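# Overview (structure and organization)
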Amino acid sequence: MKDLGSPEIIFSAYLKSGHFFSSTFENFQSEFLQMALYVMLTISLRQVGSAESKDPEKPEEVDRLPDPTRKDAPGPVKRGGWRLMLYQNSLSIVFVILFLVSWAGHLYGSFKDANLQESLHGKPEKSLLDFLAEPQFWFETFQNWQSEFLSVASIVILTIFLRQKGSPESKPVDAAHTDTGK
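Residues numbered from 1 in each chain as written. Predicted model: local features only at pLDDT ≥ 70, side-chain atom pairs only at ≥ 80, totals over all residues. Heavy atoms only, no water.

Let's shift gears to the layout of surface pockets. If you add up the space inside the largest pocket, you get close to 980 Å³. In this structure, the largest pocket is lined by 29 residues; those nearest its centre are Glu 61, Val 62, Asp 63, Arg 64 and Gln 88. Those elements that provide at least two residues to the lining of the largest pocket are α2 (18-44), α4 (81-87) and α5 (90-120). For the lining of the largest pocket, the leading source of residues is α2, giving four residues. Tallied by class, residues from the lining of the largest pocket come to 13 nonpolar, seven polar and nine charged. There is about 300 Å³ of room inside the second largest pocket. For the second largest pocket, the lining is made up of 16 residues, of which Leu 41, Thr 42, Leu 45, Val 152 and Val 156 are closest to its centre. Residue assignment for the lining of the second largest pocket shows that the elements contributing at least two residues are α2 and α7 (135-161). (1 Å grid on protein atoms, 1.4 Å probe; cavity = no way out; pocket = protein on both sides within 12 Å on 5 of 7 lines; lining within 4 Å. Points joined across faces, edges and corners; volume = space filled by probe spheres on them. Helix = DSSP H or I, 4+ residues; strand = E, 2+ residues; numbered from the N terminus. Nonpolar A, V, L, I, M, F, W, Y, C, P; charged D, E, K, R; others polar.)

If you want it as structure tokens, here you go:
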């Protein structure tokens, strides 16, 4: 920006800039998307042999019905009804909300930064709809998402054949490749 006649900005001003918002929230959104999809897809998808998958042959503790009579059961479990329905899906719900808020923060920052760049080049500012029709924001968004999908796919697939002694993300070293789960 300095080469376009804009003065250097101090660190505290940068923390309020569109560039900072865009970069920060772009990273956050991909992380929250990864976690939301990871939680939701591991409910029903199975990969035989993966340490990250539930065993398709055996029921798991996380799949049992909640017991409202349990002494230390959380309040929503004891109350039941819509509270229980929300609570038993609360992890996915919160990750989706965090993803959407981060996506909006990325959009806000990228839009603000793009309009700053336009004004520094002597061009008129764009509307939000015009900005959304251009490829830059979508490039930033999808570029970040693909790295998250690659990392999740890597751990699911690589844990079928590879081991790491002592890691909770690995099967035991002597486990067969077809053993599923940790």
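From this point, things continue past the structure.
Under the definition given, this model contains 15 aromatic pairs. Between the aromatic rings of Phe 131 and Phe 137, the centroid separation amounts to 5.9 Å while the plane-to-plane angle is 50°, which identifies the pairing as tilted. With relative accessibility at 5%, the residue Phe 131 sits in the buried group. An aromatic cluster is built from Tyr 14, Phe 20, Phe 21, Phe 25, Phe 28, Phe 32, Phe 95 and Tyr 108, whose rings are joined through pairwise contacts. (Phe/Tyr/Trp six-rings, centres within 6.5 Å; stacked < 30°, edge-to-face > 60°. Buried < 20%, exposed > 50% of the residue type's maximum accessible area, 1.4 Å probe, protein only.)

Two elements in contact, α2 and α5, have axes separated by 7 Å at closest approach and are oriented at 155°. As summarised for this structure, α2 and α5 are arranged roughly antiparallel, according to the angle between their axes. Along this stretch, α2 crosses α5, giving a crossing that reads as left-handed. For the contact of α2 with α5, a count of residues per class yields 16 nonpolar, ten polar and three charged. (Axes fitted to C-alpha atoms, helices over the stretch in contact; angles between N-to-C directions. Parallel < 35°, antiparallel > 145°, perpendicular 65-115°, else oblique. Left-handed = near helix turned anticlockwise from the far one by under 90°.)

Evaluated as defined, the whole model comprises three salt bridges. Note that Asp 72 is salt-bridged to Arg 70, the shortest N-O span being 3.5 Å. Of the residues examined, Arg 70 reaches a relative accessible area of 41% and is grouped as partly exposed. Residue Glu 134 pairs with Lys 126 through a salt bridge whose shortest N-O separation is 2.6 Å. When its relative accessible area of 30% is taken as the criterion, Glu 134 is described as partly exposed. Three or more residues joined by partner-sharing salt bridges are found here, namely Glu 118, Lys 126 and Glu 134. (Salt bridge = Lys/Arg side-chain N within 4 Å of Asp/Glu carboxyl O.)

Our next topic: a nonpolar patch on the surface. A cluster of nonpolar side chains, namely Trp 82, Leu 86, Ile 93, Ile 97 and Val 101, defines an oily patch on the protein surface of about 480 Å² accessible area. Where the nonpolar patch is concerned, the elements lending two or more residues are α4 and α5. For the nonpolar patch, the leading source of residues is α5, giving three residues. As for its placement among the helices and strands, Trp 82 is situated in helix α4. (Patch = residues over 30% accessible without salt bridge, like charges linked within 9 Å, V, L, I, M, F, W, Y side chains within 5 Å. Areas by Shrake-Rupley, 256 points an atom, 1.4 Å probe, with all protein chains shown as cover.)

In this structure, Ala 104 sits in helix α5. Overall, Ala 104 belongs to the partly exposed group, its relative accessible area being 38%. C-alpha separation for the pair Ala 104 and Phe 25, spaced 79 residues apart in sequence, amounts to 8.1 Å.

Let us now look at the side chain of Glu 148. Its location among the elements puts Glu 148 in helix α7. Residue classification places Glu 148 among the buried residues on the basis of a relative accessible area of 8%. Leaving out residues up to four positions away in the same chain, Glu 148 has contacts with Ser 30, Glu 31 and Gln 34. (Contact = heavy atoms within 4.5 Å.)

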